[in-house]
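Read off the chains here:
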Amino acid sequence: LIVAFVKWEGAAGSTVTVRDGTSTFTADALNSAANGDLHGRFFYLPASTASGTVTYTATWGNARPWRRLLVFEYTQTGGTVAFDGSNRATATSGTLNSGNITTTGADEVVFGAYGEYSSANTTTERIGGVAADQVARSGFASMWSKRFTAPITGAATASGNSVPWIGNVIAFKRTASP
């Protein structure tokens, strides 16, 4: 499973694609701030045929002055990985909260993400109130993940965000081996 969070500034009308050199990622719903200038979305690829050193590429239909691409790769043994839900939110004040999701699997990996205008980094990244296992911070965007062994209901949250902000959460469940 490869999950990417793409954040950009500029008009929402621009198309964005993410590829690993052999496959095009599936796009989750777009999250746009009320000002129409700040956008982000998850892209995911349940399985890839790319091997060796892989370059991930995000391509915008129109030029964008500020862009970020954060990528996590998650490897599981046995079974397949399936999309299990997502949510997103935006605000011009307050603490980052993506809005809740409810997962359905007994082996889940959940990703949270944040985008904004400031180079400030988030802190205390959580999913469903539980501290993230992995965190990537790159001024103007952050992404984090947490693995769960039971279904959860909760949001991706973090401290230290600036405003306005966009927050996304996406979950995947491992299904039994065929």
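Below, the structure is looked at part by part.

Cut-offs used in this document
Residues numbered from 1 in each chain as written. Predicted model: local features only at pLDDT ≥ 70, side-chain atom pairs only at ≥ 80, totals over all residues. Heavy atoms only, no water. Pairing = 2+ DSSP bridges. Helix = DSSP H or I, 4+ residues; strand = E, 2+ residues; numbered from the N terminus. Axes fitted to C-alpha atoms, helices over the stretch in contact; angles between N-to-C directions. Core = buried A, V, L, I, M, F, W, Y, C linked by side-chain atoms within 4.5 Å. Buried < 20%, exposed > 50% of the residue type's maximum accessible area, 1.4 Å probe, protein only. Contact = heavy atoms within 4.5 Å. Polar contact = N/O pair within 3.5 Å; in protein donor to acceptor, adjacent residues only side chain to side chain. Phe/Tyr/Trp six-rings, centres within 6.5 Å; stacked < 30°, edge-to-face > 60°. Lys NZ or Arg CZ within 6 Å of the ring centre and 35° of its normal.

**Some thoughts on the sheet that holds strand 8 (residues 80-91)**
Two modes of strand pairing occur in sheets, parallel and antiparallel, and in both the strands are linked by backbone hydrogen bonds.
Here comes step 1: Strand order in the open sheet formed by 5 strands is 8-18-11-15-14, with antiparallel pairing between adjacent strands. Either end of the sheet is taken by a strand with one partner, and the two such strands are strand 8 and strand 14 (134-138). Between one strand and the next, the sheet's axes are offset by a mean angle of 10 degrees, whatever the strand orientation.
Here comes step 2: In terms of strand pairing, strand 11 (residues 108-116) meets strand 15 (residues 141-148) through 8 bridges, oriented antiparallel. Residue Val109 lies in a different strand from strand 15, and its bridge partner there is Arg147.

**Remarks on the nonpolar core**
Here comes step 1: The biggest cluster of nonpolar side chains holds 19 residues, and the ones touching the most others in it are Leu1, Val3, Phe42, Phe111, Met143, Ile170 and Phe172.
Here comes step 2: Once residues within four sequence positions are removed from consideration, Met143 is found in contact with Val3, Ala4, Phe5, Phe42, Leu70, Phe72, Phe111, Gly112, Ala113, Gln134, Val135 and Ala136.
Here comes step 3: Leu96, Ile101, Ala158 and Trp165 belong to the second largest nonpolar core, which has 14 residues in total.

**As for the side chain of Lys146**
Here comes step 1: Summarising the element assignment, Lys146 is placed in strand 15.
Here comes step 2: Taking relative accessible area as the criterion, Lys146 reaches 15% and is therefore assigned buried.
Here comes step 3: Within the local environment of Lys146, its side chain forms a polar contact with the side chain of Asp133, the two groups lying 3.0 Å apart.
Here comes step 4: Apart from the residues lying within four places of it in its own chain, the contact partners of Lys146 are Glu108, Val109, Val110, Ile127, Val130, Ala131, Ala132 and Asp133.

**Section: the packing of aromatic side chains**
Here comes step 1: Taken as a whole, this structure holds 9 aromatic pairs when the rule is applied.
Here comes step 2: Relative to Trp60, the ring of Trp8 has its centre 6.3 Å away and its plane inclined at 75 degrees; by these criteria the two rings are edge-to-face. Residue Trp8 is found in strand 1 (residues 2-9), and its partner Trp60 is found in strand 6 (residues 57-60); the two are separated by 52 residues along the sequence.
Here comes step 3: Taken together, the ring pairs in this structure connect Tyr44, Phe72, Phe83, Phe111 and Phe172 into an aromatic cluster.
Here comes step 4: Just above the ring of Trp60 sits the side chain of Arg67; from NZ or CZ to the centre is 5.3 Å.

**A word on the environment of Trp144**
Here comes step 1: If you trace the backbone, Trp144 turns up in strand 15.
Here comes step 2: Sequence-wise, Trp144 and Thr49 are 95 residues apart; in three dimensions their C-alpha atoms are separated by 24 Å.

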